[in-house]
Amino acid sequence: MNDLKIVSTQSTPLIETDSNRGVIYMEGDSYPENSFEFYSELVSWVSHYLATNSRPLVVELALLYLNTSSIKVMMDIFDELEDAHQSGRDITVNWRYDVDNERVAELAEEFKEDCSFAFNIIGQP
Amino acid sequence: MKPDIKALEQKVTAVLANTEYQDHPLYEVLNDLWQYNQGQWSRMEHMIRLSDSYQDMILQREKTLGERFDKHLRQLEKITRISDRYQTALREANLELEQASYADALTGLPNRRKMLRRLKTEFELCPEGIFIAMIDIDHFKNINDQYGHLIGDDVLVSVGNLIEHTVGDLGHISRWGGEEFLVIFSQAEQNDVEQCLQNLVKTISAERFSNGEDYVIRTTISIGVSHFESDDSIDSLITRADSALYKAKNSGRNRVVAG
């Protein structure tokens, strides 16, 4: 399974996946010109990972600003993770944020609301 | 009377099963009719099954559509909430930036940009009532050279505060640049303006600027003032105040000169 290693730009986050360890890592701002196109690889990776094995998946996030279409994509991904979790998959999301930036925590809370898997919002000094 | 189909069926099958009737001329007709009837029954059953499965499919599709609709509605509500929050944050950040862009970082007084806006507004509203006072701290460079820039900055802030306090509601002060302040009087009588500026010169020269232990600094200010004349523009008003300030400087400082 091909892993992703997308470097960050001013308007797009860093995205890395590790299918052996079952980890997705994302960091930075997200306001691409076309979010659905930008995230298509990640969306495919998640679907493929969930379809081809039953191992746990950990999502490590340090996202700051998301534009509306990025929020929609992340919601779709979280919905897919929730379905997988309902079918017995071990899913964990760790969303780290700077304690000086409470807005990020509020954003993460919105996503957490619809998830029954472990969703940790971790403030860092 | 409701026909007893079961009894009729039994009767027919009994007749068809009885070998005695096989040569009867109606036997074959009855048999054909019976086979035809059986065929119709099985077709009917098939159609009922088809119809049931079709209804199941529609119900299932409606359920799926309903679920998708609910999901999209939930996402939309959430996105709207997040978007609203972003907009509020953006609005607040804009207001903060706007305020910061109009304030002088050192003294906290309105800066040159803010004063230019005010001048423009006042000029459009009622130019005839405008007085402009250009105020400069005398020999400020000496204070910086002798005591250092940090103490020089403290003196600058204190002078600014004193001017603001002394002018009060009569006019509006701004830090124009360096050690220069510009005060605009828009609705004041000439006597009040002159009195106020003379007070300012006296107040500053009487003040002892000190941090309480290390130093005591005395200084003075020079003021050039201009009053609107016909054909004046904002620029010409400022230029005349500047020229008057220059005269005040050249005639011994610590004074007000009208231009």
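Figured I'd write up the structure that's included with this text. (Residues numbered from 1 in each chain as written. Chains lettered and ligands numbered in written order. Predicted model: local features only at pLDDT ≥ 70, side-chain atom pairs only at ≥ 80, totals over all residues.)

### Focus on the overall build of chain A
Per the secondary structure count, chain A includes four helices and six strands. Ordered by position from the N terminus, the helices and strands of chain A form the series β-β-β-α-α-β-α-β-α-β. For chain A, the residues scored as buried account for 25% of the 125 residues in total. Considering only contacts in chain A between residues 6 or more positions apart, those separated by 24 or more positions represent 67%. (Helix = DSSP H or I, 4+ residues; strand = E, 2+ residues; numbered from the N terminus. Buried ≥ 20, exposed ≤ 12 C-beta atoms within 10 Å, placed from the backbone. Contact = placed C-beta atoms within 7 Å.)

### Details of the interface of chain A and chain B
Taken together, the contacts link nine residues of chain A with nine residues of chain B. Of all the elements in the fold, those that place two or more residues in the side of chain A that touches chain B are helix H3 (68-86) and helix H4 (102-112) of chain A. Among the elements that make up the side of chain A that touches chain B, the one with the highest residue count is H3 of chain A (five residues).

### Some remarks on the sheet that holds strand S6 (residues 221-227) of chain B
Residue and element names in this part refer to chain B. In space, the five strands of this open sheet follow the order S2-S3-S1-S6-S7, with mixed pairing throughout. Since the sheet does not close on itself, it has two edges, and those belong to strand S2 (172-177) and strand S7 (256-258), each with one partner. With direction set aside, neighbouring strand axes in the sheet form an average angle of 20°. Here S2 pairs with strand S3 (residues 180-185) via five bridges, running antiparallel. Bridging across to S3, Arg-175 finds its partner in Phe-181. In the packing of helix H6 (residues 190-206) onto the sheet, the strands contacted are strand S1 (131-137), S3, S6 and S7, and the crossing angle to S6 comes to about 170°. (Pairing = 2+ DSSP bridges. Axes fitted to C-alpha atoms, helices over the stretch in contact; angles between N-to-C directions.)

### Side note on the pairing of strand S3 (residues 23-30) of chain A
Residues and elements named next belong to chain A. Bridging between strand S2 (residues 14-18) and S3 involves five bridges; their strand directions are antiparallel. Within the sheet, the bridge partner assigned to Ile-15 lies in S3 and is Met-26. The turn joining S2 and S3, which pair antiparallel and follow one another in sequence, is formed by four residues; a positive phi near 70° is taken by Gly-22. By the bridge criterion, seven bridges tie S3 to strand S4 (residues 57-66) in an arrangement that is parallel.

### Overview of the nonpolar core
The nonpolar side chains of soluble globular proteins are, as a tendency, buried together. Ile-132, Ala-133, Val-183, Leu-197, Ile-223, Val-225 and Ala-241 of chain B are the most contacted members of the largest nonpolar core, which totals 41 residues. For this core, the secondary structure elements donating two or more residues are helix H3 (112-125), S1, helix H5 (149-167), S2, S3, H6, S6 and helix H7 (234-250) of chain B. Of all hydrophobic cores here, the second largest spans 23 residues; its members include Leu-61, Met-74, Met-75 and Phe-78 of chain A. (Core = buried A, V, L, I, M, F, W, Y, C linked by C-beta atoms within 7 Å.)

### Here's the deal with the packing of helix H4 (residues 140-147) of chain B against H5 of chain B
All names here are of chain B. One can describe the packing of H4 onto H5 by two numbers: an axis separation of 7 Å at closest approach and a directional angle of 140°. Compared by their axis directions, H4 and H5 come out oblique. Contact with H4, carried on its side by Phe-140, Ile-143, Asn-144 and Tyr-147, involves His-149, Ile-151, Gly-152 and Val-155 of H5 and no other residues of that element. For the contact of H4 with H5, a count of residues per class yields five nonpolar, three polar and no charged. (Parallel < 35°, antiparallel > 145°, perpendicular 65-115°, else oblique. Nonpolar A, V, L, I, M, F, W, Y, C, P; charged D, E, K, R; others polar.)

The values are spatial; any link to function lies outside them.
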